[in-house]
Every structure is written in C-alpha cells, then in structure tokens.
Amino acid sequence: MAELVGAYFTSHVPGIGGAIHRGDQETPYWKPFFDGFPPVREWLEAMRPDVAVVFSNDHGLNFFLDKMPTFAVGAAAEYRNADEGWGLPLYKSFAGHPALSWHVIEQLVADEFDPVTCQAMLVDHAISIPFELAYPDAAEWPVRLVPIGINTVQHPLPSARRCLALGRSVHRALASWPGNERIVVIGTGGLSHQLDGERAGFMNPDYDRFCLDNLAADPDALTRHSIEEIVRLAGTQGVEVLNWIAARGALGPAAVEIHRNYHLPISNTAAATLVLEPV
Amino acid sequence: MPDTLTAPPPTASIPGTVLFDGSAAQKGYQLNAMCFSFNERANREAFAADEDAYCARFSLTPAQRKAVAERDVLGMIAAGGNIYYLAKLAGILGLGVQDIGALQTGLPVEGFKAMLLAQGRGQSYEQSVAEARHG
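Rules of the game
Along every chain, residues carry numbers that run from 1 in the direction the sequence is written. For this description, chains carry letters from A and ligands carry numbers from 1, given in the order in which they are written. Local features are withheld for residues below a pLDDT of 70 in this predicted model, meaning they are given only at 70 or higher, and side-chain atom pairs are given and counted only at 80 or more; totals for whole chains, interfaces and linings count all residues. Each side-chain value is worked out from all heavy atoms of the structure, with water and hydrogens disregarded. Only DSSP runs of H or I reaching four residues or more are called helices, and only runs of E reaching two or more are called strands; each is numbered from the N terminus. Within these notes, the globule rule equals 2.2 Å times the number of residues to the 0.38 power, and the radius of gyration is based on C-alpha atoms. For the exposure calls, accessible area comes from a 1.4 Å probe over protein chains only, and a residue counts as buried if that area is under 20% of its type's maximum, exposed if over 50%, partly exposed in between. Contact between two residues is taken to exist if any of their heavy atoms lie within 4.5 Å; hydrogens are not considered. Accessible surface is estimated by sampling points in the Shrake-Rupley manner with a 1.4 Å probe; for residues, cover comes only from the protein chains shown. Counting rule applied: Lys, Arg positive; Asp, Glu negative; His and chain ends not counted. The location of each charge is read from NZ of Lys, CZ of Arg, CG of Asp or CD of Glu. The aromatic pairing rule takes the rings of Phe, Tyr and Trp, using the six-membered ring of Trp, and pairs them if the centres are within 6.5 Å, calling planes under 30 degrees apart stacked, those over 60 edge-to-face and the rest tilted. A ring is considered to have a charge above it if a Lys NZ or an Arg CZ atom is located within 6 Å of its centre and within 35 degrees of its normal. Put simply, buried area is how much 1.4 Å-probe accessible surface two parts lose in total, over both of them, once they are put together. Definition used for salt bridges: Asp or Glu carboxyl oxygen within 4 Å of a side-chain nitrogen of Lys or Arg. Only strands that DSSP links by at least two bridges are regarded as paired with each other. Segment limits for the domains were obtained from an automatic or database-derived domain assignment. UniProt positions are given in the numbering used here, feature names are shortened, and annotations may be inferred rather than shown by experiment. When two cysteine sulfur atoms are found within 2.5 Å, that pair is recorded as a disulfide. Lines fitted to the C-alpha atoms define the axes, with helices restricted to the stretch that makes contact. Angles between their N-to-C directions range from 0 to 180 degrees.

(A) Main features of the overall build of chain A. What chain A contains, in helices and strands, is nine helices and 10 strands. For 279 residues, the compact-globule estimate of 2.2 N^0.38 gives 19 Å, and chain A sits close to it at 17 Å. Counting only residues that meet the buried cut, chain A has 66% of its 279 residues in that class. In chain A, once contacts between residues fewer than 6 apart in sequence are set aside, the share between residues at least 24 apart is 80%. Of the roughly 9500 Å² that chain A leaves accessible, carbon and sulfur atoms contribute 52%. In chain A, which carries 19 positive and 33 negative side-chain charges, the distance between the mean positions of the two groups comes to 3 Å.

(B) How the structure looks around the overall build of chain B. Within chain B, the secondary structure is distributed over 10 helices and zero strands. Taken from the N to the C terminus, the helices and strands of chain B come in the order α-α-α-α-α-α-α-α-α-α. C-alpha atoms of chain B, sized along the principal axes, occupy 50 × 35 × 25 Å. Burial analysis of chain B (135 residues in total) assigns 43% to the buried set. Partitioning the contacts of chain B with sequence separation of at least 6, the portion at a separation of at least 24 is 50%. Averaged over its 11 positive side-chain charges, chain B has a centre that lies 4 Å from the centre of its 13 negative ones.

(C) Local environment of the packing of aromatic side chains. Residues and elements named next belong to chain A. For the structure shown, the criterion picks out 20 aromatic pairs over all chains. Geometrically, the ring pair formed by Tyr-29 and Trp-30 is edge-to-face, given 5.4 Å between the ring centres and 75° between the ring planes. For Tyr-29, a relative accessible area of 33% puts it in the partly exposed group. You can call Trp-30 buried: its relative accessible area is 7%. With a centroid separation of 5.4 Å and 80° between ring planes, the pair formed by Phe-33 and Phe-34 is classed as edge-to-face. Here the two residues Phe-33 and Phe-34 agree in accessibility, since each one is buried. Taken together, Tyr-29, Trp-30, Phe-33, Phe-34 and Phe-37 form an aromatic cluster joined through their ring pairs. For Lys-92, the ring lying beneath its charged end belongs to Trp-141, and the centroid distance is 4.2 Å.

(D) Spotlight on the interface of chain A and chain B. The interface of chain A with chain B comprises 48 residues on the first partner and 50 residues on the second. Across the chain A to chain B interface the summed buried area is about 4200 Å²; carbon plus sulfur atoms make up 61%. Of all residues in chain A, A:Phe64, A:Glu198 and A:Arg232 bury the most surface against chain B, accounting for 16% of the area lost on that side. Counting across the interface, chain A meets chain B through one salt bridge.

(E) Spatial organisation of the pairing of strand E8 (residues 182–188) of chain A. Residues and elements named next belong to chain A. For E8, a buried count of seven out of seven residues is recorded, marking the element as mostly surrounded by other parts of the structure. Judged by which residues are buried, E8 turns out to be covered on both faces: Arg-182, Val-184, Ile-186 and Thr-188 on one side and Ile-183, Val-185 and Gly-187 on the other are all buried. Alignment of strand E1 (residues 3–10) against E8, held across seven bridges, turns out to be parallel. Residue pairing across strands places Glu-3 opposite Arg-182, the latter belonging to E8. Pairing of strand E2 (residues 51–56) with E8, which is carried by five bridges, proceeds in the parallel orientation.

(F) Representation of the domain arrangement of chain B in the model. Residues and elements named next belong to chain B. Taken domain by domain, chain B comprises domain 1 (20–95) and domain 2 (96–135). Its C-alpha centre places domain 1 at a distance of 25 Å from the equivalent point of domain 2. Taken together, the contact between domain 1 and domain 2 spans eight residues of the former and six residues of the latter. The junction of domain 1 with domain 2 conceals about 550 Å² of combined surface from both sides, 76% of it contributed by carbon and sulfur atoms.

(G) Quick look at the UniProt feature "domain: Extradiol ring-cleavage dioxygenase LigAB LigA subunit" (unreviewed entry) in chain B. Feature annotation in UniProt assigns "domain: Extradiol ring-cleavage dioxygenase LigAB LigA subunit" (unreviewed entry) to the following positions: residues 31–116 of chain B. As a span, residues 31–116 of chain B carries 74% helix and 0% strand, and end to end its C-alpha atoms are 29 Å apart.

(H) Examining the state of the cysteines more closely. A full pass over the atoms with the stated rule returns zero disulfides over all chains. Of all cysteine sulfurs in the structure, the one in A:Cys211 sits closest to A:Cys163, which takes part in no disulfide; the separation is 13 Å. Overall, the relative accessible area of 0% leaves A:Cys163 in the buried class. In this structure B:Cys55 is not part of a disulfide, and its nearest cysteine sulfur, from B:Cys35, lies 8.9 Å away.

(I) Molecular detail of the environment of A:Asp114. The residue A:Asp114 is located in the loop between helix H4 (98–110) and strand E6 (116–118) in this model. Along the chain, A:Asp114 and A:Phe94 lie 20 residues apart, while their C-alpha atoms are 25 Å from each other.

(J) Molecular detail of the sheet that holds E2(A). Residues and elements named next belong to chain A. With mixed pairing, the eight strands of this open sheet are ordered in space as E6-E3-E7-E2-E8-E1-E10-E9. Each of the sheet's edge strands pairs with one partner strand only, and the pair in question is E6 and strand E9 (255–266). Taking each pair of neighbouring strands and ignoring which way they run, the sheet shows an average axis angle of 15°. In the sheet, E2 pairs with strand E7 (residues 144–150) via six bridges, with the strands oriented parallel. Paired with Val-53 across the bridge in E7 is Val-146.

(K) Structural context of the environment of A:Pro156. All names here are of chain A. In this fold, Pro-156 is placed in the loop between E7 and helix H6 (160–175). In this structure Pro-156 comes out as exposed when scored by relative accessible area, which is 71%. Separated by 45 residues in sequence, Pro-156 and Asp-111 place their C-alpha atoms 22 Å apart.

Below is the structure:
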C-alpha cells in the first residue's frame, strides 16, 4: 500500500528563486524566511517521499485566458519549466507519474468533479520554488510529480469549500492507490498579499494566523469565507490559499502540525511554511 | 476574533481592488495576450525594438495602448490587464513588484518598501501606508 507521509506548504514568491540564485539565504532580509526550511528538509529526509501531489496555480506560463480551467490535473510523463517572461535560468524538470495521475482523475470524476486533463503541461515557479527550498542540493528531484492546478487568476474562482472537497477526493484516490509509493502532498502560494491596485502591498497577519491555526485541526473553518471575503482579508493574490486548502483536504481527515514558520515581508508577501502529518 | 476577520457583505466593493472577472477578462484580452506573448524572448525583443508596431500586432485598444505608453499600471488594470500577465511586461520595462506597487500607490519606491517593512514590524497595513504617505 502507498503511504501518505504528510503535507508541506510554502509560499512561492518568484523573488525566492532570485534569492537562491544570488545566495542571499543568510542576509538579514531573507534569513528569517530561509530559516524555516532546515526542519522541512530533515522531515523530508526522514519521510523519503518518492511522489509529490502538488496543488498550485499557473501564472501565465501553461494557461492563458483563451482556455482557463478551474481545475486541471497533469498526466504527463515529464513536466518542464520554461521562460516565464523574465529570461531567468530554467528550473529543473520533473518526472511525472501518469498512472497515478489518471487514478486521481478517475476518482475526481467519479466524485463528480470535472477537471481538465493535461498530458502536456509546463510548470512554473509556483511548483519549482517549493522544491528548490526543500531539496536545495538535489541534482534531480527525488520525487515524481502529480500537479493539480487551481484557477486563482480569473474570477469566478472555485470556492474554498469546493477546493477542500476537491482535495478530499484526491485523498480518496491516494488511499485506494495500490502502489507502494511514499506520497507527500504539497500546497503552494500565499499567504496574504496583493500586487495590483491602489491597495498593493496589503498583508494581513490576523487572517494568515487564522488559516495557519485552523488548517491542521479544522480546515472547514477556512471555508466559511467566500472568495470575495478571502480577497478582502488576504489580498487579490492571497486567494492562492485555495491551494493550501485543497492540499489539506488531500492529506485526509485528521492532521497534526509538525513545523511552522511565518515571516513578512518577503517581497510583497506574508510568507509561511508549514508541515503537517496525518494522524 | 480580531476585527480584521470580520468581512463585510461580499457585494461591498473592496477598496483599492479590482477583481479580475469575466468583464475584465473580456475587456483586457488583447493586452493580456500581448503580455502572455512575452514568455518568448524574441517577442520581448520585438516589443523593445518597436513598441508601437508590436502593440498594433495585438490590436490593443486605445486605452490599453495609452496605459502601456505611459507605464500607467492602474490604467492597464482599468483597461482589463491582469497582474499575472502584466508582470511579464513589467520585466521588460525593468520594473519589479515593489516598483509596480509604488506606481500604483503613488508612494516613492523606498516609501513602498518601508510600508512593507513596517507591516513586518507588526504595524497594520493602514498605519503603515499612512506613515509612508505623511512620514
């Protein structure tokens, strides 16, 4: 039987990639953020996952507004990064796990979700940065990838309740997978931040703390807010917390917090890192 | 529960915030399509070489063309621009997210950065903005 070892959550601000590239991890600005990762790395070393099911949002690399899926599941044998418009060095590719992807798709549709299925999918910094943070010295990623995309770009967005239900359906898929993989669930993005509008620079530690305090024991608490309320509380890009909510659903009914780090600002963002284990 | 968790009814608009919805997505399609094209280096170079010609290729509306010409980020958003795509244009123009934030809030870049750092010291967003504006 496959084993679900736990869930890892982190922000995915593009500037983190720049800081890694420049070797700024120990500078006063970045240290409080990067100091959150040794415990994540130790935990992953102990848990040795070989598959990662990652919930994230595309930032205009793989999807454009011509076709914008609410939920998209990658089912490719390989996932590559590509130029996101800034001409930065490319991130490492991921090996996929098409059989598990299709198993997840089967479960989602059986549970009356209607995902877009992607046999070709580019992955952007939202997926690559969490792995750069978790496995800084890896020549290649030690896990195969099952990426699940959630639309956080174009409203209407799926509700928090719907995203939690999506994650719970993914959990049912993982629980019935007959392989012997060790699976980690990952949620990326957030927490509170707003890049656009006169309110650019808005962050809200109260809401972030509410999310972090409830994610393990009572994730349904995060579904009490509508999307518009989440935008008001967390900022226009703070809605990326939907990725966290879905990933929490995929972890299963009960969870306990193993590690937490929270620091702001990182760029324009309140950055958080969290590890949960199933109970 | 802190006040900041008590959200008003969802019909009330959020100050300083435009939701990128179906209406904005329709209005902004050409501008966002141009920005999406900037994932390709050759397209970034073509824009830099002849901005007018490149914007014409994507049939930008007059409001979109004006906002791009004036580097008016709020104007781009009002014309349907989405920040995830506009970020690619910002890269060509040499603007980071703090530059973009400064342009939108009317703060100097250093003031915008100070406003972010003040929030990191535990000040509220409102207080941090007020201090950045008035010292």
